[in-house]
Amino acid sequence: MFTSNDVEKLALEIEESIENVLLDIDKMARINSRKVHSAFIKNGVSDTHFVSTSGYGYDDRGREVLDCVFADVFKSEAALVRHFMLSGTHALTVSLFGILRPNDVMLSLAGKPYDTLDAVIGLSSKGSGSLRDFGVIYSEVALDSDGRLDFVTIENELRKQPKMAYLQRSRGYDTRPSIMIDEIEKVAVLIKKISPNTIFFVDNCYGEFVEEKEPCEVGADLIAGSLIKNAGGSFAESGGYIAGRKDLVEMCAQRLTAPGLGSEVGASLGQNKSLFRGIYFAPSITANAAKTAVFAAAMFEKLGFETSPSWNDKRTDIVQQIYLKSAKNLCAFCEGIQAMSAIDSFVTPTPAYMPGYTSDVIMAAGAFVSGSSIELSADAPLREPYCVYMQGGIIYDNAVLGVMEAAKRVLS
Ligand SMILES: *Cc1c(COP(=O)(O)O)cnc(C)c1O
């Protein structure tokens, strides 16, 4: 049995044993950083693009070039990057309402999507302007008993030619495995074969820059994500992005602003520079988060806890699940993460009611950008199997201190 006094020594051993995995993450960061770097050069990013616009924001050159940079980075025809897309949920909502029309079918391929989409789809409430209120039909293919994509049922459902096939890459706050890029490619091939007019839309939240390729490179028609996660590189103060086929991105722009206005309005209000800087840093910041997750998995496996993914598993997102066995351990873990945050270290997280959850939830987060989960954060519903979801870490050297403090408090 280990005690909290063993954590420092264990950390040194672990860093040695995970060395090769960390090295692979560095290599990935190099590949993805160069992708971003060359997009900057290709598009001639200039300090004049950091100039702020106000009012309507017509002809905001920085905004237009930023869209081109994202389009190139994600190997897509077009992109829409806005500080006034308020979150990942908003970017996904804009995409769904931008594309889907009454009587269209949205088919979710990996079971029920992320919790915040319940109300968007209309699963949880009526009359608040959900897709269902507008006559969009939702259906889903459940995951198989291992939590994997059920390709047989997916193929059968695709024969009905749904308007959209929806896939969430990251596990989010589910217990299923995240969906790797090569599986996303298999889905894309199947869609093109069975139902080529179906629009393949991927929720890319938490997935950006963890692998070498992004969903549009393997056949997704559209992706969306949050800028206070990976793609904002911790510099974006707020925002979301959508990327993909040009016609689809423009439909989303029409919905985001107003029909007829599309992507041509929207003052940047001084945000362009942090969005450029964010995407520039995003691959290496994401690598720090991935390394922190690997360290945490290795540490807690050593301490006898189950994790998912395991420290040496292939990853496609930055989310780390640790099964902590008790409510007491969950609270101790979150207290440790909070106590070692640069911001709000003095706060004690306590479990509390959260709308949309059936049990109390505890959250630890001390971040430069409020609610940013590319910065080290952890949260957990207080119920079986007492699993904490940890993600982020913008500087590996400091983020491991949070993980170590979490380990110490769990052991004491
Ligand atoms: C975070 C997340 C969202 C929603 O993003 P918010 O910014 O929290 O609204 C959607 N899907 C997945 C997989 C996510 O991780």
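Everything numeric in this text was worked out from a predicted model, so none of it was measured. (Residues numbered from 1 in each chain as written. Predicted model: local features only at pLDDT ≥ 70, side-chain atom pairs only at ≥ 80, totals over all residues. Heavy atoms only, no water.)

Considerations on the overall build of the protein chain
And step 1. The number of helices and strands found in the protein chain is 11 helices and 12 strands.
And step 2. Against the globule reference of 22 Å for 412 residues, the protein chain gives a C-alpha radius of gyration of 21 Å, in line with a compact fold.
And step 3. Each of the 412 residues in the protein chain was classed as buried or not, and the buried ones make up 56%.
And step 4. Taking contacts inside the protein chain between residues at least 6 apart in sequence as the whole, the part at least 24 apart equals 70%.
And step 5. Summed over its atoms, the accessible surface of the protein chain is roughly 17300 Å², and 54% of this surface lies on carbon and sulfur atoms.
And step 6. If you average the places of the 40 positive and of the 52 negative side-chain charges in the protein chain, the two averages end up 3 Å apart. (Helix = DSSP H or I, 4+ residues; strand = E, 2+ residues; numbered from the N terminus. Rg over C-alpha atoms; globule rule 2.2 N^0.38 Å. Buried < 20%, exposed > 50% of the residue type's maximum accessible area, 1.4 Å probe, protein only. Contact = heavy atoms within 4.5 Å. Areas by Shrake-Rupley, 256 points an atom, 1.4 Å probe, with all protein chains shown as cover. Lys, Arg positive; Asp, Glu negative; His and termini not counted. Charge placed at Lys NZ, Arg CZ, Asp CG, Glu CD.)

A look at the site of the ligand
And step 1. Around the ligand, the surrounding shell consists of Ser87, Gly88, Thr89, Leu92, Tyr114, Gln168, Asp203, Cys205, Tyr206, Ser226 and Lys229.
And step 2. At 2.8 Å from an oxygen atom of the ligand is found a side-chain nitrogen or oxygen belonging to Lys229.
And step 3. Here the ligand, which alone exposes 380 Å², has 89% of that area covered by the protein.
And step 4. The site holding the ligand turns out to be the largest pocket.
And step 5. Element by element, the count of residues in the shell around the ligand is highest for helix α4 (residues 88-99), at 3 residues.
And step 6. Here the residues of the shell around the ligand are counted per class, giving 4 nonpolar, 5 polar and 2 charged. (Near = heavy atom within 4 Å. Polar contact = N/O pair within 3.5 Å; in protein donor to acceptor, adjacent residues only side chain to side chain. 1 Å grid on protein atoms, 1.4 Å probe; cavity = no way out; pocket = protein on both sides within 12 Å on 5 of 7 lines; lining within 4 Å. Sits in = over half its atoms within 2 Å of the grid points. Nonpolar A, V, L, I, M, F, W, Y, C, P; charged D, E, K, R; others polar.)

What to know about the nonpolar core
And step 1. Ranked by internal contacts, the top residues of the largest apolar core, which has 45 residues, are Phe70, Leu167, Phe200 and Tyr241.
And step 2. Counting residues per element, this core draws most heavily on helix α7 (residues 181-194), at 7 residues.
And step 3. Ignoring anything within four residues of it in the chain, the contact list for Phe70 reads Ser76, Ala79, Val81, Leu227, Ala231, Tyr241 and Ile279.
And step 4. Residues Leu22, Ile25, Cys331 and Ala332 belong to the second largest nonpolar core, which totals 43 residues. (Core = buried A, V, L, I, M, F, W, Y, C linked by side-chain atoms within 4.5 Å.)

Focus on the packing of helix α10 (residues 327-339) against helix α11 (residues 396-411)
And step 1. Interhelical geometry of α10 versus α11 gives an angle of 145° and a closest axis separation of 7 Å. Considering the relative orientation of α10 and α11, their crossing is right-handed. Across from Asn329, Ala332, Phe333, Glu335, Gly336, Ile337 and Ala339 in α10, the residues of α11 making contact are Gly402, Val403, Glu405, Ala406, Arg409 and Val410. (Axes fitted to C-alpha atoms, helices over the stretch in contact; angles between N-to-C directions. Left-handed = near helix turned anticlockwise from the far one by under 90°.)

So, empty space enclosed by the protein
And step 1. Applying the stated criterion across every chain, the model contains 2 cavities of 30 Å³ or more.
And step 2. Of the voids in this model, the largest cavity is the one considered here, and its volume is about 50 Å³.
And step 3. Lining the largest cavity are Arg63, Leu66, Val81, Arg82, His83, Phe84, Gly266, Ala267, Ser268, Asn272 and Leu275.
And step 4. Listed by contribution, the elements that provide at least two residues to the lining of the largest cavity are α3 (61-73), β1 (78-82) and α9 (272-302).
And step 5. Of the residues contributing to the lining of the largest cavity, the split by class is 5 nonpolar, 4 polar and 2 charged.
And step 6. The calculated volume of the second largest cavity comes to roughly 30 Å³.
And step 7. As for the second largest cavity, its lining consists of Gly147, Arg148, Leu149, Pro177, Ser178, Ile179 and Glu183. (Points joined across faces, edges and corners; volume = space filled by probe spheres on them.)

Describing the pattern of salt bridges
And step 1. Taken as a whole and assessed by the stated rule, the structure comprises 18 salt bridges.
And step 2. Note that Glu217 and Lys35 form a salt bridge whose closest N and O atoms lie 3.9 Å from each other. Remark: Lys35 occurs in helix α2 (residues 19-42) and Glu217 occurs in the loop between β5 (199-203) and β6 (222-226); sequence separation between them is 182 residues.
And step 3. Residue Asp221 is joined to Arg245 by a salt bridge in which the shortest nitrogen-to-oxygen separation is 3.8 Å. Of this pair, Asp221 sits in the loop between β5 and β6 while Arg245 sits in the loop between β7 (240-244) and α8 (246-256); the two residues are 24 residues apart in sequence, bridging distant segments of the chain.
And step 4. Classification of Asp221 by relative accessible area gives buried; the value is 8%.
And step 5. Ionic contacts of the salt-bridge type, sharing partners, join the residues Lys192, Asp221, Arg245 and Asp247 into one network. (Salt bridge = Lys/Arg side-chain N within 4 Å of Asp/Glu carboxyl O.)

As for the sheet that holds strand β4 (residues 164-168)
And step 1. With respect to topology, 7 strands assemble into an open sheet ordered β1-β7-β6-β5-β4-β2-β3, the strand pairing being mixed. Looking at which strands have only one partner, the edges of the open sheet turn out to be β1 and β3 (137-140). Between one strand axis and the next, the sheet turns by 20° as a mean value, whatever way the strands run.
And step 2. One ladder, built from 5 bridges, connects β1 with β7; its direction is antiparallel. In the strand pairing of β7, Arg82 is matched with Gly240. (Pairing = 2+ DSSP bridges.)

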